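Results of the structural survey
Single-letter residue listing:
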Amino acid sequence: MSTQTPVIELRHVDKHYGDLHVLRDINLSVHKGEVLVLIGPSGSGKSTLCRTINRLETIDSGEILIEGEPLPQEGKALAQMRAEIGMVFQSFNLFAHKTILQNVTLGPIEVLGMSKAEAEARAMELLRRVGVDAQAAKVPAQLSGGQQQRVAIARSLAMQPKAMLFDEPTSALDPEMINEVLEVMVELAREGMTMVVVTHEMNFARRVSNRVVFMADGQIVEEGTPTEFFDHPKTARAKDFLDSIRGH
Amino acid sequence: MGIAEILQKYGQNYAMAIFETLSMTLLCFVIAMGISIVVTVMRVSPIKPLRLVGDLYVQIFRNIPGVALLVLVAYALPNIRIVLPWKTCVEVTVVLLASAFGSENFMTGINAIGVGQIEAARSIGLTFTKTMQKIVIPQALRSAVLPMTNLLIATMLTTALGSQVPLNPQELTGLVSYITTDSTGLGILPFMISAVCYAGFSFLLGLLGNHIDKKVRVLR
Amino acid sequence: MSAHTTSMRDALYEAPGPRTRRLTAILTIVSLVLVCIGLALVVRQFYVTGQLDAKYWAFFAQWSTWAYLLEGFLGTLVVAVTAAGISLVLGVVLMLGRTSPIMPISVVSRVIIDFFRGVPSLLLIYFFFLGLPTIGLYLPPFWMITIPVSLAASGVLAEVFRAGVNAVPKGQTEAALSIGLTPGKTMFKIVLPQALRIVIPSLISQLVVVVKDTTVAYVVSYPDLMQNGRVLITTHDSVVSVYLVTAIIYILVNFAINQLSIAMARRSGNPIISRTTENPT
């Protein structure tokens, strides 16, 4: 599988926040159809790493390549690239002044130049897929967190992305809503979507991912298949981390 | 003299004063909105000198008392050869004051939006211009409805500064001081008529603002 | 961890790429030049009209000028502080009336509040200056300015207090009633003290409105900063310099009050209640 150009590739990426070295020499590639899970203690840089991939965060040095092309720095080219990579946030970030349907059609109409009728038909289809089509006319604040996050996924899917980034998609949810979102993500993975997922959901990582990347202090400490990583962690840091989350 | 006699003698004046107050209010508010948009754009621009000028503008005109500004415009400016008609002096003063508060309202609206909304817009591929058009400006405008209604009321009350310069015809506050000196023994009735006009318009505008706000408010 | 602590006006822009950086740099220089040209034009206008002449500014080097302005400022301060005190009390009374369960009291309070909020303070001042004397009531100038300013502020303060009372968690009232306090005691011992703490930043920012309203004191010839400034103008025959200096003093004082209120709001975490926006007069 590594003969193909990776969909996402990071080479020697470094980033500082003032004195804090948040990303240290990150090398990572994600191939088509791969589900990569980023885990690690809070403050390890995993969210930052995820956000650098569509340049919501800039990097100090190194290279980020999307399908072999360097990540654009600004303007239309950057917007174009972002349209091709979906992003799902911890806090959903649905557009507060638009209805659920408008949230999903905005990108296709404004960015892809789709007609309103077509965008709406496709949006309804996607909303049905994630199970919130009944709420299409409501505004985000009227939906539960789980429903909002599923709409956010539909909003990303409406752009027909090459890959999707998930930045702790279930961390802001009440426990009973986590599964409805994870199920949608499992379904996506099954359909072959290329995914980078920052999460604390170890069951999801074990069941769905192809590769687990463990980060601490801005570095990739260890990576491997879920079985390797969860059953036979190689580093002491990974062992400590796994013990600490199994502790409760 | 009762209210009927006052209205018989000065009814015409009151009608004209109401028109003056309301037309000045409307004109000043519209211009102030235009200026506050420009000032707000300057204040949120990434260009430091513009930001500084915008911030300074707002700090000056939100902190200067209306009378202190009016005397500058009406009595100091002629000394540097800028002579404006009396009414224009009042309007310029009201516009300068109102636009500073208008910009503050817009800034509050922008601050309420939240970084997440903008990041979400970026990540579906909206350019800067589209993000502004589709996300930032609509949300800022919607949350500005109520503060702007209050500003419209405040603008009306500020036109009372017109009583401090000779206007012809006079607005509602200037008219009262004219009537009271024109005929004696009217008591407090002339004041009450003007006051009821102001309070009534304030009340109506408040209702209108609440009504619009309920329709467009962004639930967060 | 991420950029969530930056202010919204910075969040509107992303970290610039090379092209954006260049454009920003060029626009910065162009705008700087324009600002400088604008300033130069203003200074030139002052210069050619002789307003920069020493005779207009020399008397600001004399202590007596400042002493006189300071005296006026103290006058402003006395009116403002007295009016603030009165409006504080009136504001609480009106708020209690407005939230009273007795319908007539609540309706009357509401009308009074809306009236004082919906009428220009200048009209109120004329009422005390020109209106009351027509029915034989003559007040000293100090009260002719202080009372209307207090009344105008009390309507706004009543609404600020009401917002403060609403911000006190309901559980506080329930707990107080459940240990047997009367509704009145609950209000005065439990709710009001907490509400007061919540609205402190808002009260301070309302002080700006009071200070602004006092500038009309010259109408009743009360010697405040503005009135003393006007006297200086006649003695030194200098309109521009004196009005500019007085305006700057007012701006600085109000700016300081606003900053104080913002700092208090930040420290206590209680927002400045702006639903009842201030009147720019």
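See the structure printed just above.
Residues numbered from 1 in each chain as written. Chains lettered and ligands numbered in written order. Predicted model: local features only at pLDDT ≥ 70, side-chain atom pairs only at ≥ 80, totals over all residues. Heavy atoms only, no water.

**Describing the overall build of chain B**
When you go through chain B residue by residue, the secondary structure sums to eight helices and zero strands. Secondary structure elements of chain B occur, N-terminal to C-terminal, as α-α-α-α-α-α-α-α. Counting only C-alpha atoms, chain B reaches 70 × 45 × 20 Å along its principal axes. Relative to its full complement of 220 residues, chain B shows a buried share of 58%. A separation of at least 24 residues holds for 77% of the contacts in chain B among residues at least 6 apart in sequence. Only carbon and sulfur atoms are counted for the fraction: they give 70% of the accessible area of chain B, which is about 8800 Å². Side chains of chain B carry 15 positive and 9 negative charges; the gap between the two charge centres is 15 Å. (Helix = DSSP H or I, 4+ residues; strand = E, 2+ residues; numbered from the N terminus. Buried < 20%, exposed > 50% of the residue type's maximum accessible area, 1.4 Å probe, protein only. Contact = heavy atoms within 4.5 Å. Areas by Shrake-Rupley, 256 points an atom, 1.4 Å probe, with all protein chains shown as cover. Lys, Arg positive; Asp, Glu negative; His and termini not counted. Charge placed at Lys NZ, Arg CZ, Asp CG, Glu CD.)

**Some words on the sheet that holds strand β9 (residues 211-216) of chain A**
Residue and element names in this part refer to chain A. Spatially, the six strands line up as an open sheet ordered β6-β7-β8-β3-β9-β10, and their pairing is mixed. In this open sheet, the two strands that pair with only one neighbour each are β6 (85-88) and β10 (219-224). For this sheet the average axis-to-axis angle between neighbouring strands, irrespective of direction, equals 15°. Helix α6 (residues 175-190) rests against β3 (35-39), β7 (163-167) and β8 (194-198) of the sheet, and its axis sits at about 145° to β8. (Pairing = 2+ DSSP bridges. Axes fitted to C-alpha atoms, helices over the stretch in contact; angles between N-to-C directions.)

**Details of the interface of chain B and chain A**
Taken together, the 20 residues of chain B in the interface contact 23 residues of chain A. On the chain B side of the contact with chain A, Glu119(B), Ser123(B) and Ile124(B) bury the most area, a combined 30% of that side's loss. Where chain B touches chain A, the interface holds three salt bridges. With a shortest N-O distance of 2.6 Å, Glu119(B) and Arg51(A) are connected by a salt bridge. At the surface where chain B touches chain A, the tally comes to eight residue pairs in polar contact (both at pLDDT 80 or more). Breaking the side of chain B that touches chain A down by element, the ones donating at least two residues are α5 (115-123) and α6 (128-158) of chain B. Sort the elements by how many residues they give to the side of chain B that touches chain A and α5(B) lands first, with seven residues. When its residues are assigned to classes, the side of chain B that touches chain A shows eight nonpolar, six polar and six charged. (Buried area = accessible area lost by both parts, 1.4 Å probe. Salt bridge = Lys/Arg side-chain N within 4 Å of Asp/Glu carboxyl O. Polar contact = N/O pair within 3.5 Å; in protein donor to acceptor, adjacent residues only side chain to side chain. Nonpolar A, V, L, I, M, F, W, Y, C, P; charged D, E, K, R; others polar.)

**Some words on a nonpolar patch on the surface**
Residue and element names in this part refer to chain C. Together, Ile-26, Ile-29, Val-30, Val-33, Leu-34, Ile-37 and Leu-41 give the surface a local cluster of nonpolar side chains, amounting to about 650 Å² of exposed area. Locating Ile-29 in the fold gives a position in helix α2 (residues 18-48). Taking relative accessible area as the criterion, Ile-29 reaches 55% and is therefore assigned exposed. (Patch = residues over 30% accessible without salt bridge, like charges linked within 9 Å, V, L, I, M, F, W, Y side chains within 5 Å.)

**Points about the packing of aromatic side chains**
Here the distance between the centres and the angle between the planes together describe a pair of aromatic rings. The tally for this structure, following the rule as stated, stands at 14 aromatic pairs over all chains. With centroids separated by 4.9 Å and ring planes inclined at 80°, the aromatic side chains of Phe142(C) and Trp143(C) adopt a geometry described as edge-to-face. The buried category is assigned to Phe142(C), whose relative accessible area is 17%. Assessed through its relative accessible area of 32%, Trp143(C) is described here as partly exposed. In this structure an aromatic cluster arises from ring pairing among Phe214(A), Phe229(A), Phe230(A) and Phe241(A). Over the ring of Phe95(A) we find Arg155(A); its NZ or CZ atom is 4.6 Å from the centre of that ring. Between the NZ or CZ atom of Arg230(C) and the centre of the ring of Tyr218(C), over which it lies, the distance is 4.1 Å. (Phe/Tyr/Trp six-rings, centres within 6.5 Å; stacked < 30°, edge-to-face > 60°. Lys NZ or Arg CZ within 6 Å of the ring centre and 35° of its normal.)

**Some details on the interface of chain B and chain C**
In this assembly, 63 residues from chain B lie in contact with 58 residues from chain C. Buried surface at the junction of chain B and chain C, summed over both partners, amounts to about 5600 Å²; 71% is from carbon and sulfur atoms. It is Asn63(B), Ile80(B) and Phe191(B) in chain B that bury the most area against chain C; as a group they hold 11% of the surface buried on that side. Along the contact surface separating chain B from chain C lie one salt bridge. Run the count over chain B and chain C and you get 11 residue pairs in polar contact (both at pLDDT 80 or more). Where the side of chain B that touches chain C is concerned, the elements lending two or more residues are α1 (3-44), α2 (48-63), α3 (66-76), α4 (86-111), α5, α6, α7 (172-182) and α8 (189-216) of chain B. The element that contributes the greatest number of residues to the side of chain B that touches chain C is α2(B), accounting for nine residues. Here the residues of the side of chain B that touches chain C are counted per class, giving 39 nonpolar, 17 polar and seven charged.

**Brief notes about the packing of α8(B) against helix α6 (residues 121-134) of chain C**
At their nearest, the axes of α8(B) and α6(C) sit 11 Å apart, and the two run at 170° to each other. Taken as axis vectors, α8(B) and α6(C) run roughly antiparallel relative to one another. Contacts between α8(B) and α6(C) involve Phe191(B), Ser194(B), Ala195(B) and Tyr198(B) from the first element and Leu123(C), Tyr126(C), Phe127(C), Leu130(C) and Gly131(C) from the second. Tallied by class, the residues present in the contact of α8(B) with α6(C) amount to seven nonpolar, two polar and no charged. (Parallel < 35°, antiparallel > 145°, perpendicular 65-115°, else oblique.)

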